[in-house]
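The residues making up each chain are set out below.
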Amino acid sequence: MASPLQIILNDKDYHQVRDAGGGGPKKDFFADRDREFRTHKAALISQLSAIAQILESQTPTQGNIGYIKVILRREAWAKSHRPISALFKPSRISLVGGGDLGEMYFEADPQAVREVAQEISGAEEQTRHKLDKARNKMVPHPSPARSETGAIEKIELYGPRDRRSFSVEEAVAWLAQPMTGSAYQIELFDMPPPHSQLDAFGLNRQKLYSSFLRGLAANGDGLTVQRLSMREKAQPFISARLGRSPQPPTILLDSTAPPDHKRPSEIIPFDQSIERHRRLLNFLDHHPLVRHIDLPPVVVRNIDGTRASAQAAASEGRTRPADVSVPTRNSARTYPRMGVIDGGISPELSDWVIDRWDLLDSTDVDHAHGTFIGGLAVAGSMLNGSEICAEPDGIEIVDVAVYPNDQSTAAFSSYYPDGVTQFFDEIEYAIADAKARYGVRVFNMSLNIQHPAQPDRYSAFAARADQLAEANDAILFLSSGNTAPQDLRPEWPTDETQALVNLASARNDALLMPSESVRNIAVAALNPPNLSNCLAYAPARYSRRGPGLRAGVKPDLAHVGGSGSPQSPLGHGLFSILPDGSVTDGCGTSYAAPMVAKTAAVLEHSIEGTVSRETLIGLLLHHAQMPALLQSKALRGVARDLVGFGKPPSAAQILEGNDHQITLVFASRLRKDQQIAFNFAWPASLVGADGTCRGSARLTLVSTPPIDPRYGSEFVRINIDAALQQEDFDNQGKPRWKGRLDPVYLPGKAETPVVEAERIEHGLKWSPVKAFAKVIPSGIGKSSNWRLFVEYLTRSGEQVPESGVPFTAILTISDPSGEKPVFTDMRQSLQALGVRIEDIRTAARVATRI
């Protein structure tokens, strides 16, 4: 019997006042190692003294303001160990951002730097102890100054090596390509104010701003500098382009260009003078206001190969489809809807295209890529069978044709002279229009920035994709990217050791921007089934891998994208149509992404009302299955970087379970000073006579916390966490709650102590997505009382938004033996407790948030 997903309607009944946390005692990182501490202390004081001298030396021209980088030791990454109570306290010095995990950036002047050094010099040099009465033993008891001094590994002045990672020659060669827009993209620590407001600042800050503007203007005629619209709070970006023109320097930093600005009729020719670029970069390398200098990215399609249909033949139980007729849309019924952001979709699919965003001239349209994607969405099951394309054929499409034919390098720059930033502007207008007119919230974007995601830096383009999704209550399904032909990995072997060797020797296969996006879904590619030359559902040899940023899972999901080793007669083993309607085969992460997007669109269509982004994403991730050949202990450590949480099943399988399991959806918001405790009884059929509870449980949490790109790897500013806890008792018989699930990717068990670095890198602390699971075959604990517990933790100085942080927690409890009536047991006990639950597909009739 089908047992549909149940959503909890009275979620607000389980909100309660948040327990005040103490943050733990101060830690002495040099306990009983006093000689080493004295050496460390002297080194930090010396580093600060050198920084103060440099800041003073720049005072006459640039003012005495600079930026310093405080690098914490790995074991001091926890919030409670941050050196901001005694040393770098807000009243003394301003925290302005961060880089890699454990890196803090501060704005400083010589006086503040010397005050920090003075505080460090006063830290005691002998280990202090006190009696821990609970354990009846002496333990280290450092002062705040000693604890924070020990937490720091080193202190550096932010410098040229932090700002740029390319040579002048590389820059000129790259910028000379018209499709780049030919302008450097420069992230600043602070944006200079309009000249009329300069007198509102102190003398040193006036010098900082004025010296930056003068230094830019000194690069001579033809220079164009303008502010970029990144749409993220407090993330100042500018572009700088050197052109061959007699026009004096143009510096426009007061505002961004208006949304309806027109393309210029004539673009100033790019100046390829190496010496002139060297002069500009040398200035930017050394000015304190500059945080990072980037070369402009290029948008690319991820297409590995397509081939026209050959004569139908059979292989491994599959037949290559002959030419087929595209299904006809039935106007008497409704269909799922999705947007396809690409280069346009052929008229062969016009029956299913309900609207087109017609930006491109007919001479700049290339329908091949978008039509293959559209064909998979419309007729994937007919062409490939339900094993590969499990969703029923048919979907209404909004064709967002914004990517011009990439055979012409001039085409992109003619539409987007300001480069990728302007390209994202166009996408934003199209998404907003499709959402407003047709209610489309699921968009496939199999386009990437030709630059690998960085482990220590949340890119401006991922930030922009996240802003698009959040502003329009939509989800972008992004391809993780394909490797270059010369970087293809060998086909996945049957031998696990050889698989690890192949991964270790692979090069240039990191996922591409903006796949590190945290509001959207990045999709990797798997091999198709029933091909003789590759393993079914193994990671495709061309599919790029994560992790992207360190604190999270990327890619999120994986799906069949075609084999990277074509072989007759099935070729790549994934079939769609060409612009003329004929059948073709192809491969690429571009073609895996729409498979997952289609499932998301069918899910949304199957559930009445508006489904929250968190719930849609959560349903996909929660039910995803790791391919069988990646489930071994030897491969678990690399699996998440290859396929994320795995391959999602069909929408029908997600929405309907069986009698031996129950899936509960808890969609709510966590507000300031709140936590959520949802108490329930474990299914009676899984409880032993002695109170032990057996079974299997899986918990997935998806939240939308505030993000701030200025803080690098620590850009997520509020951590929403969840736990499935069982009632337990201490040695004195006092009740307490004990977490029973293990983070899916954290080595060890839930009760095993781990350091903060492991919680972040493997336990997904600070990630908006978390997953926990456990199989309990023999029973655990002595009580059938359990609870789902959700809480939050803020970064230092961060506040919970007034509207709260939206989240969805999805919990599945099941009988691994497939025998006990878990659904009936649990539903009856929940109703007896006054819990209001409904089938998620119809809950919108009585619920405000799903």
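Placed above this text is the structure.
Residues numbered from 1 in each chain as written. Predicted model: local features only at pLDDT ≥ 70, side-chain atom pairs only at ≥ 80, totals over all residues. Heavy atoms only, no water.

*Asks:* Report on the overall build of the chain, specifying residues and quantitative values.
*Replies:* Across its full length, the chain carries 19 helices and 39 strands. Its C-alpha atoms give the chain a radius of gyration of 29 Å, within 12% of the compact-globule value 29 Å for 850 residues. For the chain, the spread of C-alpha atoms along the principal axes amounts to about 80 × 75 × 55 Å. Within the chain, buried positions represent 58% of all 850 residues. (Helix = DSSP H or I, 4+ residues; strand = E, 2+ residues; numbered from the N terminus. Rg over C-alpha atoms; globule rule 2.2 N^0.38 Å. Buried < 20%, exposed > 50% of the residue type's maximum accessible area, 1.4 Å probe, protein only.)

*Asks:* Lay out the packing of aromatic side chains in plain terms, naming residues and giving numbers.
*Replies:* Under the definition given, this model contains 26 aromatic pairs. Judged by centre distance (5.8 Å) and plane angle (55°), the ring pair of Phe-666 and Phe-678 falls under tilted. Separated by 12 residues along the polypeptide, Phe-666 in strand E30 (residues 661-670) and Phe-678 in strand E31 (residues 674-681) bring together distant segments of the chain. Put simply, the rings of Tyr-403, Phe-412, Tyr-415, Tyr-416, Phe-423, Phe-424 and Phe-461 pair up and form one aromatic cluster. (Phe/Tyr/Trp six-rings, centres within 6.5 Å; stacked < 30°, edge-to-face > 60°.)

*Asks:* Explain the sheet that holds strand E4 (residues 66-72) to me, using residue names and the numbers behind them.
*Replies:* Backbone hydrogen bonds hold the strands of a sheet together, and the pairing may be parallel or antiparallel. Taken together, four strands build an open sheet; the order of strands is E5-E6-E4-E9 and the sheet is antiparallel. Sheet topology places strand E5 (94-98) and strand E9 (152-157) at the edges, where each strand pairs with a single neighbour. When the angles between neighbouring strand axes are averaged without regard to direction, this sheet yields 30°. (Pairing = 2+ DSSP bridges. Axes fitted to C-alpha atoms, helices over the stretch in contact; angles between N-to-C directions.)

*Asks:* I'd like a rundown of the nonpolar core, residues and numbers included.
*Replies:* Formed by 86 residues in total, the largest nonpolar core has its most connected members in Phe-477 and Phe-645. Here the element with the most residues in this core is helix H14 (residues 589-606); it accounts for 10 residues. Setting aside anything within four residues of it in sequence, one finds Phe-477 in contact with Val-442, Phe-443, Asn-444, Met-445, Ile-521, Ala-593, Val-596, Ala-597, Ala-600 and Leu-620. Ile-662, Leu-664, Leu-741 and Phe-772 belong to the second largest nonpolar core, which has 39 residues in total. (Core = buried A, V, L, I, M, F, W, Y, C linked by side-chain atoms within 4.5 Å. Contact = heavy atoms within 4.5 Å.)

*Asks:* Can you explain unusual backbone geometry? Please cite residues and give values.
*Replies:* Along the chain, Lys-554 connects to Pro-555 via a cis peptide bond; the corresponding omega equals -5°. Residue Ser-568 is joined to Pro-569 through a cis peptide bond whose omega torsion reads 5°. Among the secondary structure elements, Pro-569 is positioned in the loop between strand E26 (557-560) and strand E27 (575-577). Located in the positive-phi region is Asp-32, a residue other than glycine, with phi close to 60°. Residue position: Asp-32 is located in the loop between strand E3 (15-17) and helix H1 (34-57).

*Asks:* Mind laying out the environment of Leu-253, listing which residues take part and the relevant values?
*Replies:* Relative to the helices and strands, Leu-253 resides in the loop between strand E13 (250-252) and helix H8 (274-286). Along the primary structure Leu-253 and Phe-237 are separated by 16 residues, whereas in three dimensions their C-alpha atoms are 9.5 Å apart. Setting aside its immediate chain neighbours within four residues, Leu-253 contacts Met-191, Pro-192, Leu-213, Val-225, Gln-226, Arg-227 and Ile-238.

Keep in mind these values describe shape, not function.
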